[in-house]
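Reading the structure
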Amino acid sequence: MGFFGDLKDDVVEFVRNPTDEQKILVVAALAIAVADRGLYFVDFPFVVRTTAAVGVGFIVMFVVSYLYTGQLVPPDGNVGNDDEPEEYVDELDP
């Protein structure tokens, strides 16, 4: 298709059927936006305010990830043992 066709397909898939990771990242991005607007009214420099908002986003991301999945990090699956069934398949793990 092309770049814009693939981008359109990705956006449609995100809106209709988001993955767990996408849901968690959207909540973290919203937390960053809310924290940045909340800190706007405090007399902090721009860099401090933005850094604090990103920190809040990371904290929210870990908390929501734990609440959503029940664990902080995904399991290793069968990285060291091929006999066990795969719990989690990481597409970046060779």
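Please read all numbers here as calculations on a predicted model, not as lab measurements.

Thresholds, definitions, all that
- Residues numbered from 1 in each chain as written.
- Predicted model: local features only at pLDDT ≥ 70, side-chain atom pairs only at ≥ 80, totals over all residues.
- Heavy atoms only, no water.
- Helix = DSSP H or I, 4+ residues; strand = E, 2+ residues; numbered from the N terminus.
- Buried < 20%, exposed > 50% of the residue type's maximum accessible area, 1.4 Å probe, protein only.
- Patch = residues over 30% accessible without salt bridge, like charges linked within 9 Å, V, L, I, M, F, W, Y side chains within 5 Å.
- Areas by Shrake-Rupley, 256 points an atom, 1.4 Å probe, with all protein chains shown as cover.
- Salt bridge = Lys/Arg side-chain N within 4 Å of Asp/Glu carboxyl O.
- Lys, Arg positive; Asp, Glu negative; His and termini not counted.
- Charge placed at Lys NZ, Arg CZ, Asp CG, Glu CD.
- UniProt positions renumbered as here; feature names shortened; annotations may be inferred.
- Contact = heavy atoms within 4.5 Å.

1. Re the overall build of the protein chain
Counting its secondary structure elements, the protein chain contains three helices and zero strands. Reading the helices (α) and strands (β) of the protein chain from amino to carboxyl end gives α-α-α. Per-residue burial for the protein chain yields a buried fraction of 13% across its 94 residues.

2. Some points on a negative patch on the surface
Taken together, Asp 6, Asp 9, Asp 10 and Glu 13 make up a surface patch of like negative charges. For Asp 9, the position within the fold is in helix α1 (residues 3-16). Taking relative accessible area as the criterion, Asp 9 reaches 36% and is therefore assigned partly exposed.

3. Details of the UniProt feature "transmembrane region" (unreviewed entry) in the protein chain
The positions that UniProt labels "transmembrane region" (unreviewed entry) are, in the present scheme, residues 46-68. In residues 46-68, helix accounts for 100% and strand for 0%; the two terminal C-alpha atoms are 32 Å from one another.

4. Comments concerning the environment of Phe 62
The topology assignment puts Phe 62 in helix α3 (residues 46-69). A C-alpha to C-alpha distance of 8.8 Å links Phe 62 and Ala 28, two positions 34 residues apart in sequence.

5. With respect to the side chain of Ser 65
The residue Ser 65 is located in helix α3 in this model. The contacts of Ser 65, once residues within four sequence positions are left out, are Ile 24, Gly 70, Gln 71 and Leu 72.

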